[in-house]
Amino acid sequence: MPLRLYRAINRSVGRRGVLFLASLAVAAAGLILTLVAINGQESAPQASASSYGRTSATPPRTPRSTTRSSTSPASARTPSPVTLARSLPTSISIPAIGVHSEVISVGVNADGTLAVPPPGPDLNKVAWYRGSVTPGTAGPSVLEGHVDTTQGPSIFFRLGDTRLGDTIVITRADRSTATFTVNAVRSYATHADFPVAQIFGADPAYSTLRLITCGNFDSSTGHYLGNTVVFAHITGAHHASTP
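**Q** In this structure, what is going on with the pairing of strand S1 (residues 89-94)? I would like to understand it.
**A** Two faces make up the sheet, and in a regular strand the side chains alternate between them. Bridge count between S1 and strand S7 (residues 167-172): four bridges; the pairing is antiparallel. If you follow Ser93 over to S7, its bridge partner there is Val169. As paired strands, S1 and strand S2 (residues 99-106) are joined by four bridges and run antiparallel to one another. Note that in S2 the partner of Ile94 across the bridge is Val99. Connecting S1 to the next strand, S2, in antiparallel fashion are four residues, including Gly98 with a positive phi near 70°.

Right, here's the structure in full:
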């Protein structure tokens, strides 16, 4: 890991998180090197300036109430984070860009790189990285998807078209759903710009999503040079009713 990245992570999450994030940096390198385009493939959409947003998902403060209340002013202004108990993700829906997919889980390869959806029936599905928290629990949950395959556009081809305020709904194994709202969409020109600390180490007290695919298509080589990342935070939860 480059020294400058090590220092950035150390400043962001403290010494306890350095080794963990260092291993994820290696995993991220596997993702960005594996998801490549084919010769002649059209360029996938990139994030627009209007969707730049803020990668931090700390909930905004609400106005102070004008009525008397036993609730302290500080707690009245800052909403409590919405969180759910751990439960594996089973599907994802992003209506604004037409994404509806089952969610599989992936870990790391023998060399420590992040595994990706393999050829076969799971190739065009979204994958949850099981080294991250499950969507809806406190902390960043990381999901990835191919931008394209030898057959053409894949599940996250339009990820760069996501806009601020778009909704992402995750259905979970316990039949609950977690709704997330997009707060930033970023395109990173090169793999060296991949924001490891922001993706894996930010907002530990809040339930957040990071959706990752490749970006910055180079038509001369037929490969993607960078990444597109969507940052979202939880804004609602629905618990399954007891039969």
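Now, onward.
**Q** When you look at the environment of Gln151 in this model, what are you seeing that I'm missing?
**A** Mapping Gln151 onto the fold places it in the loop between strand S5 (148-149) and strand S6 (152-153). Gln151 sits in the exposed class, given a relative accessible area of 73%. A polar contact of 3.3 Å, which involves the side chain of Gln151, links it to the side chain of Thr150.

**Q** Can you walk me through the side chain of Thr137 in this structure?
**A** Along the chain, Thr137 falls in the loop between strand S3 (126-129) and strand S4 (139-144). At 2.7 Å, the side chain of Thr137 forms a polar contact with the backbone oxygen of Thr134. Those residues within four positions of Thr137 in sequence are excluded, and the remaining contacts are Leu84, Ala85, Arg86 and Ser207.

**Q** Which parts of the structure should I look at to understand the nonpolar core?
**A** One broad trend across soluble globular proteins is that nonpolar side chains are buried collectively. Within the largest apolar cluster, 23 residues are counted, with the highest numbers of intra-cluster contacts made by Ile92, Leu143, Ile168 and Leu211. Put simply, the parts of the chain that give this core at least two residues each are S1, S2, S3, S7, strand S8 (177-188), strand S9 (207-218) and strand S10 (223-238). Broken down by element, the residue count for this core peaks at four residues, all from S8. Apart from the residues within four sequence positions on either side, Leu143 is in contact with Ile92, Val103, Val126, Ala127, Trp128, Pro135, Phe156, Ile170, Leu209, Arg210, Leu211 and Ile212. Grouped together as the second largest cluster of nonpolar side chains are 16 residues, Leu114, Ala184, Phe200 and Ile212 included.

Procedures and definitions
- Residues numbered from 1 in each chain as written.
- Predicted model: local features only at pLDDT ≥ 70, side-chain atom pairs only at ≥ 80, totals over all residues.
- Heavy atoms only, no water.
- Pairing = 2+ DSSP bridges.
- Helix = DSSP H or I, 4+ residues; strand = E, 2+ residues; numbered from the N terminus.
- Buried < 20%, exposed > 50% of the residue type's maximum accessible area, 1.4 Å probe, protein only.
- Polar contact = N/O pair within 3.5 Å; in protein donor to acceptor, adjacent residues only side chain to side chain.
- Contact = heavy atoms within 4.5 Å.
- Core = buried A, V, L, I, M, F, W, Y, C linked by side-chain atoms within 4.5 Å.

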